Amino acid sequence: MKKTNFIHSIMRDTTAFGGIVFFGFVIMLSIAFGENQLLISLFFGLFFSLAVTVLIRLFYFKNRPNKQIYKNIIERMDASSFPSWHSARAVFLCLLFIDFFRKDSLSVFFVVFAALVLYSRIYLRKHDWLDVMGGVVLGVGTYLITLLL
């Protein structure tokens, strides 16, 4: 029982690295270090992935593995699981950091960490594999569009 609680705690903490609070922390760091191009990419990635997620969830509803009750449109979008916005943010940050730092050792770290975030979403029963893969596609697509800017 203790081992299960420990693993659950680790997964809950790991999933936070795909969350909006961590993303905001990265934005603040880019401001503090004067990385304006990174800041622009972060803002674009955040708002583009949010817009796509909201549009998909407005027109396509898919219950989470642990169904949520909703009473309004905002709660309905939160109760919908496709695509995983956590996964999209984690993949986007991973690719952006790989490009920004350009060090193989860090690249491996970013990929492993993003994979852990993706798995944590499934482990915590917030999403299934389809939701996470949808988030991966969204994260990669967001990154590729960001490169065009």
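Here is a short report on the structure shown in this document. (Residues numbered from 1 in each chain as written. Predicted model: local features only at pLDDT ≥ 70, side-chain atom pairs only at ≥ 80, totals over all residues. Heavy atoms only, no water.)

Along the polypeptide, S30 turns up in helix α2 (residues 20-32). Judged by its relative accessible area of 2%, S30 falls in the buried class. What S30 contacts, discounting residues up to four positions off in sequence, is E35, L38, L39 and L42. (Helix = DSSP H or I, 4+ residues; strand = E, 2+ residues; numbered from the N terminus. Buried < 20%, exposed > 50% of the residue type's maximum accessible area, 1.4 Å probe, protein only. Contact = heavy atoms within 4.5 Å.)

Note the cis peptide between F82 and P83, where omega equals -10°. Topologically, P83 is positioned in the loop between α4 (73-79) and α5 (85-101). One non-glycine residue, R102, lies in positive phi territory at about 50°. With respect to the helices and strands, the residue R102 is situated in the loop between α5 and α6 (104-123). The phi angle at R125 is positive, at roughly 60°, despite the residue not being glycine. Looking at the secondary structure, you find R125 in the loop between α6 and α7 (129-148).

Looking at the secondary structure, you find T15 in helix α1 (residues 2-15). With residues up to four places along the chain from it excluded, the contact list for T15 reads H86, V117, S120, R121 and L124.

Further remarks concern the packing of α2 against α5. As a packed pair, α2 and α5 sit with axes 10 Å apart at the nearest point and diverge in direction by 25°. In terms of orientation, α2 and α5 fall into the roughly parallel class. Crossing of α2 against α5: the hand is left-handed. Packed against α2, whose contacting residues are I20, F22, F23 and V26, the element α5 presents W85, R89, F92, L93 and F97 at the interface. Grouping the constituent residues of the contact of α2 with α5 by class yields 8 nonpolar, no polar and 1 charged. (Axes fitted to C-alpha atoms, helices over the stretch in contact; angles between N-to-C directions. Parallel < 35°, antiparallel > 145°, perpendicular 65-115°, else oblique. Left-handed = near helix turned anticlockwise from the far one by under 90°. Nonpolar A, V, L, I, M, F, W, Y, C, P; charged D, E, K, R; others polar.)

The quantities given are spatial measurements derived from coordinates; they are silent on function.
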